[in-house]
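Observations on chain architecture
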Amino acid sequence: MKRKSTDNRKAEILSATFDLAFEVGPDHVTTGGIAKQLGLTQPAIYKHFPKKEDIWNAVADKVCSQIRQNAQIGKTVDIPPADRLRRMIMAHLHLITQYPALPEIMVTRDPTGRLTDTRQRLLTAMFEFRDTLISCCEELRATGQMRPDLQPEDGATLLVGLIQSLVLRLILTRDTSHLVTEGERLLNLQLSLFECERHQP
């Protein structure tokens, strides 16, 4: 049987890490569990990731890159700000659907400290994501497309809160099927509430 390339094997290890983090919780992921999931020995894992922290750093690399790509949508000047907000939120919901362990990696208790750097990097990327949401809301407000009594920071908080409510349901049900469909419906409702009231003549 042909031996897999280093990149392919690393990708498999990361995929198994995400799966186990969702199945048993990030703080219960072990190299032994990853090896068992992939039908490998622990030394085979250590060949690609000498320390468990190296696996979590690779997880952070992968996810932070995608969060920043999603945030970049909000900086696309040839797209109206409301559409940018919609695309950013939907892209993030798709990301969570792909990696449903992501929310728990960010908030789980970590008595060993192995997840600390990973969590901090993810939080930093999410703060940057939120800053871009605020900038889009500022554009909406400046152009009269957002109700004047809604501060841009509050608009971003409401949008992040929408994501968090869906994430809480995910954590409770372990079911990702609602994230995108329910998210799109609730997002459209939320953005419609951001709009300035149109008075009848």
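Just so you know, these numbers come straight off a predicted model, no measurement behind them. In this convention, every chain numbers its residues from 1, walking through the sequence in written order. Local features are withheld for residues below a pLDDT of 70 in this predicted model, meaning they are given only at 70 or higher, and side-chain atom pairs are given and counted only at 80 or more; totals for whole chains, interfaces and linings count all residues. Note that water and hydrogens are dropped before the side-chain values are worked out from all heavy atoms of the structure.

Remarks on the nonpolar core
Quick note on the threshold: In this text, buried Ala, Val, Leu, Ile, Met, Phe, Trp, Tyr and Cys residues form a nonpolar core when linked through side-chain atoms within 4.5 Å. Partly exposed residues are those whose accessible area sits between 20% and 50% of the maximum for their type, while under 20% is buried and over 50% is exposed, using a 1.4 Å probe and protein chains only. Under the DSSP-based scheme used, a helix requires at least four consecutive residues in state H or I and a strand at least two consecutive residues in state E, with every element numbered from the N terminus. Residue contacts are counted whenever heavy atoms from the two residues lie within 4.5 Å of one another.
Core analysis: the biggest nonpolar cluster contains 56 residues, and V63 and L133 have the highest contact counts within it. Going through the elements one at a time, helix 1 (6-24), helix 2 (31-38), helix 4 (52-73), helix 5 (81-98), helix 6 (102-107), helix 7 (116-142), helix 8 (152-173) and helix 9 (178-194) are the ones with two or more residues in this core. Leaving out residues up to four positions away in the same chain, V63 has contacts with F18, L95, Y99, L102 and L122.

Describing the packing of helix 7 against helix 8
How two helices sit against one another is set out by the angle between their axes and by the gap between those axes. Our working rule: Throughout, an axis means a line fitted to C-alpha atoms (over the contacting stretch in the case of helices), and angles, computed between N-to-C directions, take values from 0 to 180 degrees. For classification purposes, an angle smaller than 35 degrees is called roughly parallel, one larger than 145 roughly antiparallel, one from 65 to 115 roughly perpendicular, and anything else oblique. Crossings are assigned a handedness: left-handed for a near helix turned anticlockwise from the far helix by less than a right angle, right-handed for a clockwise turn. Asp, Glu, Lys and Arg are counted as charged, while Ala, Val, Leu, Ile, Met, Phe, Trp, Tyr, Cys and Pro are counted as nonpolar; the rest, among them Gly, fall into the polar class.
With their axes 8 Å apart at the nearest point, helix 7 and helix 8 run at an angle of 125° to one another. Classified by the interaxial angle, the pair formed by helix 7 and helix 8 is oblique. Of the two elements, helix 7 crosses helix 8, and the hand of that crossing is right-handed. Two secondary-structure elements touch here, helix 7 through R130, L133, I134, C137, E138 and R141 and helix 8 through P152, E153, G155, A156, T157, L159 and V160. Looking at the contact of helix 7 with helix 8 residue by residue, the class counts come to seven nonpolar, two polar and four charged.

Looking at unusual backbone geometry
For R174, which is not glycine, the phi torsion reads 60° and is therefore positive. The topology assignment puts R174 in the loop between helix 8 and helix 9.

Overview of the confidence of the model for the protein
Put simply, the rule is: pLDDT is defined as a per-residue confidence score from the predictor, taking values between 0 and 100.
For the protein, mean pLDDT is 93; residues scoring 70 or higher make up 96% of the total. Looking across the protein, the model is least confident in helix 6, with a mean pLDDT of 93, and most confident in helix 5, with 98.

Structural notes on the packing of helix 1 against helix 4
Viewed as axis vectors pointing N to C, helix 1 and helix 4 meet at an angle of 90°, and their least axial separation amounts to 10 Å. The angle between the axes of helix 1 and helix 4 places the two elements in the roughly perpendicular class. Contacts from I13, L14, T17, F18 and A21 of helix 1 reach helix 4 at I55, W56, A58, V59, K62 and V63.

Observations concerning the pattern of salt bridges
For clarity, the threshold we go by: Throughout this description, the term salt bridge denotes a Lys or Arg side-chain nitrogen within 4 Å of a carboxyl oxygen of Asp or Glu.
According to the stated counting rule, one finds nine salt bridges in the structure shown. Between D61 and R121 there is a salt bridge, with its nearest N and O atoms 2.4 Å apart. Of the two residues, D61 sits in helix 4 while R121 sits in helix 7, which places them 60 residues apart along the sequence. D61 sits in the partly exposed class, given a relative accessible area of 44%. Residue classification places R121 among the partly exposed positions, given a relative accessible area of 30%. Of the charged contacts, one joins D149 and R147 as a salt bridge, the two residues approaching to 2.8 Å between their closest N and O atoms. For R147, a relative accessible area of 27% translates into the label partly exposed. Here the salt bridges share partners, and the residues they tie into one network are R169, E182 and R185.

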